[in-house]
Amino acid sequence: MTSDPADLTAADHLDAARQMAAANRPLLAHLLAEEAARRTTDPATAASIRAAFPDPALTRKETD
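First things first, this report covers the structure right here in the doc. For clarity, every value in this text was computed on a predicted model and none was experimentally measured.

## A look at the overall build of the chain
- Across its full length, the chain carries four helices and zero strands.
- Secondary structure of the chain in N-to-C order comes out as α-α-α-α.
- With 64 residues in all, the chain has 22% of them scored as buried.
- A separation of at least 24 residues holds for 43% of the contacts in the chain among residues at least 6 apart in sequence.
- About 4800 Å² of surface is accessible on the chain, with carbon and sulfur atoms providing 55% of the total.

As structure tokens, this is what we get:
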């Protein structure tokens, strides 16, 4: 891994997002996926990434 965050690629961020999702850290997964999508040049791929990691604040269900 690189010591400069600017050197990270979309694939690096997407891999980290998958790891955070597996670790039940949906907000971190979403933020990392959002960065991966931002670094992706293809709009369809970026939309696919965003759809795979939705914002947990918008998708969570309140319980009593």
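## Points about the pattern of salt bridges
- Overall, the coordinates contain three salt bridges when judged by the stated rule.
- Ionic pairing is found between Arg50 and Glu34, a salt bridge with its closest N-O pair at 2.8 Å. Of this pair, Arg50 sits in helix α3 (residues 43-52) while Glu34 is found in helix α2 (residues 26-38), placing the two residues 16 residues apart along the sequence.
- Taking relative accessible area as the criterion, Arg50 reaches 35% and is therefore assigned partly exposed.
- The salt bridge involving Glu35 is made with Arg39; its shortest N-O contact spans 2.7 Å.
- Overall, Arg39 belongs to the partly exposed group, its relative accessible area being 29%.
- Each member of the salt-bridge network shares a partner with another, and the members are Glu35, Arg38 and Arg39.

## With respect to a nonpolar patch on the surface
- Where nonpolar side chains cluster on the molecular surface, the patch consists of Leu27, Leu28 and Leu31 and spans about 260 Å² of accessible area.
- With respect to the helices and strands, Leu28 occurs in helix α2.

## Considering the nonpolar core
- Leu14, Ala17, Ala29, Ala33, Ala36, Ala37, Ala46, Ile49 and Phe53 together form the largest nonpolar core, which totals nine residues.
- When residues of this core are assigned to their parent elements, the largest contribution, four residues, is made by α2.
- Not counting residues up to four positions away in its chain, the partners in contact with Ile49 are Leu14, Ala33, Ala36, Ala37 and Thr40.

## Side note on unusual backbone geometry
- Here Asn24, not a glycine, exhibits a phi torsion of approximately 60°, which is positive.
- Examined against the element boundaries, Asn24 turns out to sit in the loop between α1 (10-22) and α2.

Thresholds, definitions, all that
- All residue numbers refer to position in the chain's written sequence, counted from 1.
- Only residues with pLDDT of at least 70 get local features here, since the model is predicted, and only at 80 or more are side-chain atom pairs given and counted; chain-wide, interface and lining totals rely on the full set of residues.
- The side-chain numbers reported here are obtained from all heavy atoms of the structure, hydrogens and water having been left aside.
- Secondary structure elements follow DSSP: runs of H or I no shorter than four residues count as helices, runs of E no shorter than two count as strands, and numbering proceeds from the N terminus.
- Relative accessible area decides the class of each residue, using a 1.4 Å probe on protein chains only: under 20% of the type maximum gives buried, over 50% gives exposed, and in between gives partly exposed.
- Any two residues whose heavy atoms approach within 4.5 Å at even a single point are treated as in contact.
- To be clear on the numbers: accessible area is Shrake-Rupley with a 1.4 Å probe, and residue cover counts the displayed protein chains and nothing else.
- Salt bridge, as used here: a side-chain nitrogen of Lys or Arg that lies within 4 Å of a carboxyl oxygen of Asp or Glu.
- A patch consists of residues whose relative accessible area exceeds 30% and which take part in no salt bridge; residues with like charges are grouped when within 9 Å of each other, and nonpolar side chains (Val, Leu, Ile, Met, Phe, Trp, Tyr) when within 5 Å.
- Take the buried residues of types Ala, Val, Leu, Ile, Met, Phe, Trp, Tyr and Cys, join any two whose side-chain atoms come within 4.5 Å, and each joined set is a nonpolar core.

What is shown is where atoms sit, not what they do.
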